[in-house]
Amino acid sequence: ERQHTAAFVEHLQVDQVAAPGADLPRILEQASGVDIRRYGGLGAFSSLSIRGSTSEQVLVFLDGVPLNQAVGGGVDLGTLTAGGIESVDVYRGAVPGRFGGNSLGGVVHLRSRPPGGSPRVHLLTQAGAFGTWQQSASVAGRLHDWDGLALVDFSHSDNNFRFWDDNGTEYNPADDEWSTRRNSDFSALRVLLRAARHVGTARLQLSHTQDVSHRGLPGIGNFQALETRLDTRRGISEANLF
């Protein structure tokens, strides 16, 4: 479908444009005209704009399902993991009609890995600074008449980095000091299940994506909130007949 669209689209193949373990904001930074605003470490609130638009004017889709809320506002990329994402399509300006046609800035379409293919098992474990680590496991292949894919991805970060704290007194440098970010930890789990088979001349595809994230909201500057938390849960189930 990308070969027969009148709209300008930039296709990002995740394994080619980003290092292993890169999150969605880091991946989308590779696209031209895309501006990412991130307010902290891994899992912190992140928004995107295209060609100077607001984040609310950009629609974000996951396998054709819109993630923007009907009440308005942009999509928080911090609640989305890159686990199972195979490619990203970025439409700037005019977008195809199948995305609703009501996006002023553009559209970001996240595409998950398709089911089936040669049998394979993929395991990933990595660790980094500030208590950051990720574990991912997936299995794909064909069983009888079904093509299948199952993936579990978990990531965590303490985000206990240091920052220069002016103690709320911008014009009094005497009380400035280095402080540690508190209540800024982040954990996210993604479960992706996909199956497909041929039914006569048609193809039936079933898919379910479950995202769960748990993170702290540390506040701004020296006013660190120590108990405020934000839990996000999102489940998307699809049945497509081609």
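As a reminder, the structure under discussion sits directly above these lines.
About the criteria used
Residues numbered from 1 in each chain as written. Predicted model: local features only at pLDDT ≥ 70, side-chain atom pairs only at ≥ 80, totals over all residues. Heavy atoms only, no water. Salt bridge = Lys/Arg side-chain N within 4 Å of Asp/Glu carboxyl O. Helix = DSSP H or I, 4+ residues; strand = E, 2+ residues; numbered from the N terminus. Buried < 20%, exposed > 50% of the residue type's maximum accessible area, 1.4 Å probe, protein only. Polar contact = N/O pair within 3.5 Å; in protein donor to acceptor, adjacent residues only side chain to side chain. Contact = heavy atoms within 4.5 Å. Core = buried A, V, L, I, M, F, W, Y, C linked by side-chain atoms within 4.5 Å. Phe/Tyr/Trp six-rings, centres within 6.5 Å; stacked < 30°, edge-to-face > 60°. Lys NZ or Arg CZ within 6 Å of the ring centre and 35° of its normal.

**Observations concerning the pattern of salt bridges**
Proximity of charged atoms lets side chains of opposite charge pair with each other. By the definition in use, this model includes 11 salt bridges. One salt bridge connects Asp-89 with Arg-111, and the closest N-O pair in it is separated by 2.7 Å. Here the residue Asp-89 occupies a position in strand β6 (residues 85-92), and Arg-111 occupies one in strand β7 (residues 106-112), the gap between them amounting to 22 residues. Given a relative accessible area of 0%, Asp-89 falls into the buried group. By relative accessible area, Arg-111 is classed as buried at 17%. Arg-190 is the partner of Asp-211 in a salt bridge, and the nearest nitrogen-oxygen pair spans 2.7 Å. On the criterion of sequence distance, the pair formed by Asp-211 in strand β14 (residues 202-216) and Arg-190 in strand β13 (residues 186-199) is long-range, its members being 21 residues apart.

**Some remarks on the side chain of Ser-53**
Note that Ser-53 resides in the loop between β3 (46-50) and β4 (58-62). The class of Ser-53 is buried, set by a relative accessible area of 9%. Among the polar contacts made by the side chain of Ser-53, one reaches the main-chain carbonyl oxygen of Ile-50 at a distance of 3.1 Å. Look past the residues within four positions of Ser-53 in its chain and what remains in contact with it is Val-58 and Gly-105.

**Quick look at the nonpolar core**
Where a protein is soluble and globular, its nonpolar side chains tend to be buried together. Formed by 25 residues in total, the largest nonpolar core has its most connected members in Leu-28, Val-34, Leu-48, Val-88, Val-108 and Leu-110. Those elements giving two or more residues to this core turn out to be α2 (24-28), β2 (34-38), β3, β4, β6 and β7. The contact partners of Val-34, leaving out residues within four places of it in the chain, are Leu-28, Leu-48, Ser-49, Ile-50 and Val-90. If you look at the next biggest cluster of nonpolar residues, it comprises six residues, including Leu-59, Val-95, Phe-99 and Val-107.

**Let's talk about the packing of aromatic side chains**
Tallied over the full model, the rule gives six aromatic pairs. An angle of 40 degrees between the planes, with centres 5.9 Å apart, marks the rings of Tyr-39 and Phe-45 as tilted. Given a relative accessible area of 54%, Tyr-39 falls into the exposed group. A centroid spacing of 5.3 Å and a plane angle of 70 degrees characterise the contact between Trp-164 and Trp-178, whose relative ring orientation is edge-to-face. Linking Trp-164 in strand β11 (residues 162-165) with Trp-178 in strand β12 (residues 177-180), this pair joins segments that are 14 residues apart in sequence. Note that Arg-181 overlies the ring of Phe-163, its terminal NZ or CZ placed 5.3 Å from the centroid.

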